[in-house]
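Coordinate analysis (summary)
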Amino acid sequence: MTSETPTFTPTPALGAAAVATTPHRSSAARKVRSRVTSVVSQILLSLVALLFLVPIIWMLLSALKPSAEVFTVPPKLFGSEVKFSNFVEAWNYLPFGRFIVNTLFVAGIGTFITLIASAMSGYAFARLNFKFQGGLFVLYLSTLIVPQEVIVIPMFLVMQRLGWVNSYQALILPWAFTAFGTFLLRQFFLTIPRELEEAAKIDGCGHIRILRSVIIPIAAPALAVLAVFTFLSYWNSFLWPLIIINDTDKMTVPLGLELFLGQQGQRWELLMAAATISMVPTVILVLALQKYLVRGIALSGLGGR
Amino acid sequence: MTVLPADVTAAAATATQARRGRRGDGKAATGFMAPSMLGLLAFTAFPIVASLIIGFYNWPVIGSHTFIGLKNYENLLTSKEFHTAILNTFVFVLLYVPLNIVISLGLAVWIGSKGIRLRGLYRTIFFIPAVTPVVANAAIFSLILSPNGLIDSLMQTWFGVQAPNFLGSKTWAMPAVVMLSIWQGFGYNMLVFSAALDAVPTSLTEAAAIDGAGTVARFFRIVLPLITPSIFFAVVLTLISSFQVFTQAYVLTGGGPGNATTTMVVYLYEQGFQFYKMGLASAVAWVLFIIILVITVFQFIGQKRWVHYDQ
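Quick caveat: nothing in here was measured; it's all calculated off a predicted structure.

Attention now moves to the overall build of chain A. In terms of helices and strands, chain A carries 14 helices and zero strands. When the elements of chain A are put in sequence order from the N terminus, they spell out α-α-α-α-α-α-α-α-α-α-α-α-α-α. Buried residues in chain A amount to 41% of all 305 residues.

Written out as structure tokens, the structure is:
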């Protein structure tokens, strides 16, 4: 990008010799210039980051304003009073607190099931030998290219037959068995050296013990990445809950926000407080996982999801 | 997706191992595979087949369904609204995907460039809207873009003119949806590119520098070719997901004004769950699937021209 000036002038390719014969003074000058460039670059990048955060900052500021002062010309950072009570009111308005509890429950159970099912099938693909293993694995992978939209219509009809419309199990089960989780964990399990399990095998441990006491502890980072992204996708899911839930008691956070947004005479400050609350768990998870983010994404290829 | 070729060979290797070794762990494997396989059968494989079949029926939610062959697909081909939905989707994809790739790659390079400190912090900041609920993100944009909202208010204060009513204007609604999608969407790709850039061996760029290559030349001649597998991977996945755009358009503009932001999935939702035409909606889903499939296949064919896998 624009951030770096060339630290090496185009001298003939004499390598170290050329560098060594460069007068000391100009090398120091170049160092200063390069330092200045990186400071400028850092400041510009910070400004871009700040600009990028404006919507989030504006959400927080608006969440603290009195109702009548959300829209003002010129815009003001703070209203005539700072109303933290908006958060309490948002929590109780529509039962937004209830939506949070619902979503925590659905995402928690869903993530748990996903982890168990994926760890088991991932282990089978990585460590066991069975018939049609290769073909089955390719079949698993091929389900990944089918868009969710193809699935939701028959799924809705099935849920209707089962009487599961407006139920937690309808929110949880359809998305708990993904080929993606299996694939991710299989990839990671394959990188674990087999020698580690040999001792356990000699001690007469079965596959369940090996998976539980040898593989899973080592694969904790991969499991954490899978857990976080599964949780987030449950937490943020919108199309399926919109289809399957219309009872306020069973609504998830995104549906609640949409309900808020669609109401006549919107209370924008409450909506922004609710939006803030809805972001808290997701931001906490990302901060907790910060160390693994780049590696986890490279490992799993979650990009574009 | 770039992992696929390596993966298939790995799967093949496991298969040969199975043939070579003892008969296998059939019993244990059945137990370990059961939950995931039953789940996938019930909630993925069965619905895929069912959806294909439903697409050939007139299938209301209540009442009897009748086989009508390709009539749903014929209706779609002649429906003006569906044409608009396809057109809107392509406009979205053509605006969103290039912007997403350029911005995410640009920022990944910038953050990774020499002399920048606190890289993790910047990466986290740009990644945050990628994980916060799309509906919450859309609610914020809805507040900012509405009349007397932040942008309008700033324009009145600074320039004395009113901003267009972004969400109520046929011209501005789609750009607003794209803007929201970019803001929240490029974080994943930025991290993918960051990982790829971290993996470029510094010995290569240093050697080029000693040979007199400037920063720009080093980027385009060495770094960029080395990360083409990641770019390919990001483009494929971003294209797939952008054809499925729904929440941003549905929440921000409700597909409107008129049908200015009615994308294919918004259309599918309306037909399926507002008019309860399940057969027609299934047909929409399959048209979408086929478009995605064809474009993805073409990308895999075309990749040989620009993606460098040799290290």
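What follows deals with the overall build of chain B. Looking only at helices and strands, chain B features 14 helices and two strands. Residue burial in chain B is summarised as follows: out of 311 residues, 42% are buried. For chain B, contacts bridging at least 24 residues in sequence account for 70% of all contacts bridging at least 6.

If you look at the interface, chain B gives 98 residues, while chain A gives 87 residues. Tallying contributions element by element places helix α2 (residues 26–54) of chain B first for the side of chain B that touches chain A, with 16 residues. For the side of chain B that touches chain A, the per-class residue count stands at 61 nonpolar, 32 polar and five charged.

Within the secondary structure, Thr 215 of chain B sits in helix α10 (residues 215–226). Put simply, Thr 215 of chain B and Gly 272 of chain B are 57 residues apart on the chain and 53 Å apart in space, counted from C-alpha to C-alpha.

Quick look at the environment of Leu 239 of chain A now. For Leu 239 of chain A, the location among the structural elements is in helix α12 (residues 239–244). With 91 residues separating them along the chain, Leu 239 of chain A and Gln 148 of chain A place their C-alpha atoms 9.3 Å apart. If near-sequence neighbours (up to four positions away) are discounted, Leu 239 of chain A is found in contact with Gln 148 and Val 152 of chain A together with Phe 246 and Thr 247 of chain B.

Residue and element names in this part refer to chain B. Direction vectors running N to C along helix α3 (residues 71–78) and helix α14 (residues 278–302) enclose 70°, while the axes themselves pass 9 Å from each other. Here α3 is positioned roughly perpendicular relative to α14, judged by the angle of their axes. Two secondary-structure elements touch here, α3 through Asn 72, Tyr 73, Asn 75 and Leu 76 and α14 through Gly 279, Leu 280, Ala 283, Val 284 and Val 287. Among the residues forming the contact of α3 with α14, the class breakdown is six nonpolar, three polar and no charged.

All names here are of chain B. Overall, the predicted model of chain B reaches an average pLDDT of 87, with 92% of residues at or above 70. Across chain B, the secondary-structure element scoring lowest on mean pLDDT is helix α1 (residues 4–20), at 47, and the one scoring highest is helix α4 (residues 80–112), at 95. Taken together, the stretch residues 15–22 has pLDDT below 50 and engages in eight contacts with residues farther than four places along the chain or on a different chain.

Another aspect to go through is the confidence of the model for chain A. All names here are of chain A. In the predicted model, chain A carries a mean pLDDT of 84, and the fraction of residues at 70 or more is 87%. Element-level mean pLDDT values for chain A span from 44 in helix α1 (residues 16–21) up to 95 in helix α7 (residues 168–172). Below a pLDDT of 50 lies the segment residues 1–22, which in the model reaches 31 contacts outside its immediate sequence neighbourhood of four places, other chains included.

Attention now moves to unusual backbone geometry. Residue Pro 74 of chain A is bonded to the preceding Val 73 of chain A through a cis peptide linkage, with omega at -5°. Checked against the element boundaries, Pro 74 of chain A lands in the loop between α2 (24–63) and α3 (85–92). Residue Gly 256 of chain B is joined to Pro 257 of chain B through a cis peptide bond whose omega torsion reads 0°. Checked against the element boundaries, Pro 257 of chain B lands in the loop between α12 (247–252) and α13 (264–273). Phi is positive for Asn 148 of chain B, which is not a glycine, with a value near 65°. Position of Asn 148 of chain B among the secondary structure elements: in the loop between α6 (134–145) and α7 (150–159).

With that settled, the discussion passes to the nonpolar core. One finds Ala 274 and Ala 275 of chain A together with Ala 139 and Val 284 of chain B to be the most contacted residues of the largest nonpolar core, which totals 158 residues. Here this core takes 14 residues from helix α8 (residues 173–198) of chain B, the largest share from any one element.

The next point concerns helix α11 (residues 220–236) of chain A. An α-helical segment advances 3.6 residues per turn. Residues three or four places apart therefore align on the same side. Residues and elements named next belong to chain A. Its 17 residues give α11 an end-to-end C-alpha distance of 24 Å, which sits within 8% of 24 Å, the value for a rise of 1.5 Å per residue. Within α11, 12 of the 17 residues are buried, which leaves the element mostly enclosed by the surrounding structure. Those residues of α11 that fall on the buried side of the exposure criterion are Ala 222, Leu 223, Val 225, Leu 226, Val 228, Phe 229, Thr 230, Phe 231, Leu 232, Tyr 234, Trp 235 and Asn 236.

A word on the packing of helix α5 (residues 133–143) of chain A against helix α8 (residues 179–190) of chain A. What describes two packed helices is the angle between their axes and the distance between those same axes. All names here are of chain A. Two numbers describe how α5 lies on α8: the axes approach to 8 Å, and their chain directions differ by 125°. Considering their axes alone, α5 and α8 lie oblique with respect to each other. With respect to the hand of their crossing, α5 and α8 are arranged in left-handed fashion. Contacts from Tyr 140, Leu 141 and Thr 143 in α5 reach Ala 179, Thr 182 and Phe 183 in α8. Considering only residue class, the contact of α5 with α8 consists of four nonpolar, two polar and no charged.

Within the secondary structure, Leu 144 of chain A is located in the loop between α5 and α6 (148–162). Beyond its immediate stretch of four places on either side in the chain, Leu 144 of chain A contacts Ala 179 and Phe 180 of chain A.

Cut-offs used in this document
- Residues numbered from 1 in each chain as written.
- Chains lettered and ligands numbered in written order.
- Predicted model: local features only at pLDDT ≥ 70, side-chain atom pairs only at ≥ 80, totals over all residues.
- Helix = DSSP H or I, 4+ residues; strand = E, 2+ residues; numbered from the N terminus.
- Buried ≥ 20, exposed ≤ 12 C-beta atoms within 10 Å, placed from the backbone.
- Contact = placed C-beta atoms within 7 Å.
- Nonpolar A, V, L, I, M, F, W, Y, C, P; charged D, E, K, R; others polar.
- Axes fitted to C-alpha atoms, helices over the stretch in contact; angles between N-to-C directions.
- Parallel < 35°, antiparallel > 145°, perpendicular 65-115°, else oblique.
- pLDDT = per-residue confidence, 0-100.
- Core = buried A, V, L, I, M, F, W, Y, C linked by C-beta atoms within 7 Å.
- Expected span 1.5 Å × (residues − 1).
- Left-handed = near helix turned anticlockwise from the far one by under 90°.

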